[in-house]
Amino acid sequence: MKNILITGGAGFIGSHVVRLFVKKYPQYRIVNLDLLTYAGNLDNLADVESAPNYHFERCDVCDYERVCELMRRYSIDGIIHLAAESHVDRSIRDPFIFACTNVMGTLSLLQAACQYWNGDWSEKIFYHISTDEVYGALELDKPEGAAPYGSRFFSESNKYEPHSPYSASKAGADHFVRAYHDTYGLPTIITNCSNNYGPYQFPEKLIPLLINNIRNGRPLPVYGRGENVRDWLYVEDHARAIDTVFHRGRVGESYNIGGFNEWKNIDVVKLVIKTTDRLLGNLPGSGEKLIEYVADRAGHDLRYAIDSTKLKTELGWEPSLQFEEGVEKTVRWYLENDVWLNRVTGGEYREYYAKMYGRG
Ligand code: NAD
Ligand code: TYD
């Protein structure tokens, strides 16, 4: 029997991790701790909500006393920490909430784990989910032709050089996780993953935003010239990597997770347009008319490219899907789940957003 606390389990990646663990490990008790911000949605977990090994607790990770109480109540022996503010554009508008949730929330959870486990580390694990964005940006020194678009890649030994308030807050959290391992001996693991895409992603992020706007005939905003490069990974492959690392990763280590799948933004936009137009039965090329080049994001990182060789050689994990295949699955999911999409882009959510951030 394992009692696992998954934070941020009602969000995009978290919901895939919760679903995987609840279904694959009926002998585990899975406790989903989530504040249900605009990005957290219990609809994402409708298919597992009545499973006997699943429990939901609405809680702020920053609420240290409550986190301690939940750890005691459920006899938690493993933590997978995903709860975070996760959108770079929001972090530029409102950095404070990113420092609060991502840094202070992680610290609260680390301290609660230390306090509750009290030096008995046997069979315990604190697994922190982080991002490749902590490493900063890479050059685009081979912009023409096929990927890879540069000669350097992020490896686990890369120095941290975050540029956005989001990546700075995730870097701060990673540093605290390492500090708790090195100072108190807390058994920690960190993974740094590239851009995820797939079902249940909030439609403020590039791929679901494009699908939603194409189906509504709205403009498709491309920042700058669309030359920035991201490494994309299908979310279920990430959840599978998290399962692998949680069970077999080495304590004190960090692992990069990536898709070996670099794409320029403009090529992602064109692929999503082509796929969505085809599935909607639109005239080929009609979506391209919606592309609008807009002002670039401040401090926009040029290229992310991750080297996940360590995870492959040590633990045998590899991405399973080609990008075109993953995009097709993703577009189909959003078009078939328009009720979900309409709800998260509808009035209730906007009201919440307005309350949290002072705008609608
Ligand atoms: P998300 O924004 O979709 O979900 C975040 C979840 O955290 C939501 O359910 C939200 O309600 C919850 N949450 C926010 N603040 C909270 C608080 N104070 N207390 C408790 N719960 C809170 O994010 P995501 O895209 O699923 O990302 C999950 C994790 O993976 C994050 O830590 C993120 O940094 C990391 N990550 C994301 C990506 C990506 O491409 N999305 C890539 C690499 C790493
Ligand atoms: P995003 O999905 O926000 O992820 P991240 O910033 O964490 O990489 O953005 C992916 C890329 O797409 C990024 O380079 C910014 C760009 N982008 C656009 O061009 N237009 C948009 O409307 C959005 C949301 C992102």
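Details of the structure are given in the entry above.
Cut-offs used in this document
- Residues numbered from 1 in each chain as written.
- Chains lettered and ligands numbered in written order.
- Predicted model: local features only at pLDDT ≥ 70, side-chain atom pairs only at ≥ 80, totals over all residues.
- Heavy atoms only, no water.
- Near = heavy atom within 4 Å.
- Polar contact = N/O pair within 3.5 Å; in protein donor to acceptor, adjacent residues only side chain to side chain.
- Areas by Shrake-Rupley, 256 points an atom, 1.4 Å probe, with all protein chains shown as cover.
- Helix = DSSP H or I, 4+ residues; strand = E, 2+ residues; numbered from the N terminus.
- Nonpolar A, V, L, I, M, F, W, Y, C, P; charged D, E, K, R; others polar.
- Expected span 1.5 Å × (residues − 1).
- Bend = angle between axes of the 7 residues up to and from the residue.
- Phe/Tyr/Trp six-rings, centres within 6.5 Å; stacked < 30°, edge-to-face > 60°.
- Buried < 20%, exposed > 50% of the residue type's maximum accessible area, 1.4 Å probe, protein only.
- Pairing = 2+ DSSP bridges.
- Axes fitted to C-alpha atoms, helices over the stretch in contact; angles between N-to-C directions.
- Contact = heavy atoms within 4.5 Å.
- Parallel < 35°, antiparallel > 145°, perpendicular 65-115°, else oblique.
- Left-handed = near helix turned anticlockwise from the far one by under 90°.

Caption draft 1: Inspection of the site of ligand 1 at higher detail. As a structural note, the neighbourhood of ligand 1 is formed by 28 residues, with I13, D34, S86, Y166 and K170 the closest of them. The contact in question runs from an oxygen atom of ligand 1 to an N or O atom on the backbone of F12, over 3.1 Å. Contact distances for ligand 1 include 2.7 Å between an oxygen atom and a side-chain N or O atom of K170. Burial of ligand 1 by the protein chains amounts to 96% of its free accessible area of 840 Å². Ranked by residue count, the leading element in the shell around ligand 1 is strand β5 (residues 125-131), at three residues. Tallied by class, the residues present in the shell around ligand 1 amount to 14 nonpolar, 11 polar and three charged.

Caption draft 2: Helix α4 (residues 95-117), seen in detail. In this model α4 runs 32 Å from its N-terminal to its C-terminal C-alpha over 23 residues, within 8% of the 33 Å that 1.5 Å per residue would give. Along its length, α4 shows its largest kink, about 25°, at M104. At the exit of α4 stands N118, carrying a positive phi of roughly 50°.

Caption draft 3: Structural view of the packing of aromatic side chains. On inspection of all chains with the given rule, the structure shows 19 aromatic pairs. Ring plane angle 90° and centroid distance 5.6 Å describe the contact between Y135 and Y160, whose orientation is recorded as edge-to-face. Residue Y135 is located in the loop between β5 and α5 (165-184), and its partner Y160 is located in the loop between β5 and α5; the two are separated by 25 residues in the primary sequence. Pair check on accessibility: Y135 and Y160 agree, each one buried. Ring geometry for W333 versus Y334: centroids 4.9 Å apart, planes at 85°, classification edge-to-face. Taken together, the ring pairs in this structure connect Y197, W232, Y234, W263 and F323 into an aromatic cluster.

Caption draft 4: Structural detail: the site of ligand 2. The full set close to ligand 2 counts 15 residues, and E133, P221, R230, R297 and H300 are the nearest of them. Measuring from an oxygen atom of ligand 2, one finds a side-chain N or O atom of E133 at 2.6 Å. Within the side chain of N265, a nitrogen or oxygen atom sits 2.9 Å from an oxygen atom of ligand 2. Relative to its free-state accessible area of 510 Å², ligand 2 is covered by the protein chains to the extent of 96%.

Caption draft 5: Structural detail: the sheet that holds strand β11 (residues 262-264). If you trace the three strands from one edge of the open sheet to the other, you get β7-β9-β11, paired in mixed fashion. The open sheet has two edge strands with one neighbour each: β7 (195-197) and β11. Across the sheet, the mean angle from the axis of one strand to that of its neighbour is 50°, orientation sign disregarded. For strand β9 (residues 229-234) and β11, the ladder comprises three bridges, and the chain directions are antiparallel. Looking at the pairing, V229 lines up with K264 of β11. Sheet strands touched by helix α8 (residues 265-280): β9 and β11. Its angle to β11, the strand with the most contacts, is close to 85°.

Caption draft 6: Looking closely at the sheet that holds strand β2 (residues 29-34). Strand order across the open sheet formed by seven strands is β3-β2-β1-β4-β5-β6-β10, with parallel pairing between neighbours. Every interior strand has two partners, whereas the edge strands, β3 (54-58) and β10 (254-257), have only one. Averaged over all adjacent pairs, the angle separating strand axes in this sheet is 20°, with direction ignored. Relative to strand β6 (residues 188-193), β5 runs parallel, the two sharing six bridges. Bridged to S130 within β6 is N192. The strands touched by helix α1 (residues 12-24) within the sheet are β1 (3-7), β2, β3 and β4 (78-81), with β2 carrying the most contacts at an inclination of about 165°.

Caption draft 7: Broad picture of the packing of α8 against helix α10 (residues 323-336). Two elements in contact, α8 and α10, have axes whose closest approach is 10 Å; the angle formed by their N-to-C orientations is 50°. In terms of their interaxial angle, α8 and α10 are classed as oblique. The hand of the α8/α10 crossing is right-handed. Residues V268, L271, V272, T275, T276, R278, L279 and L280 of α8 pack against F323, E324, V327, E328, V331, R332 and L335 of α10.

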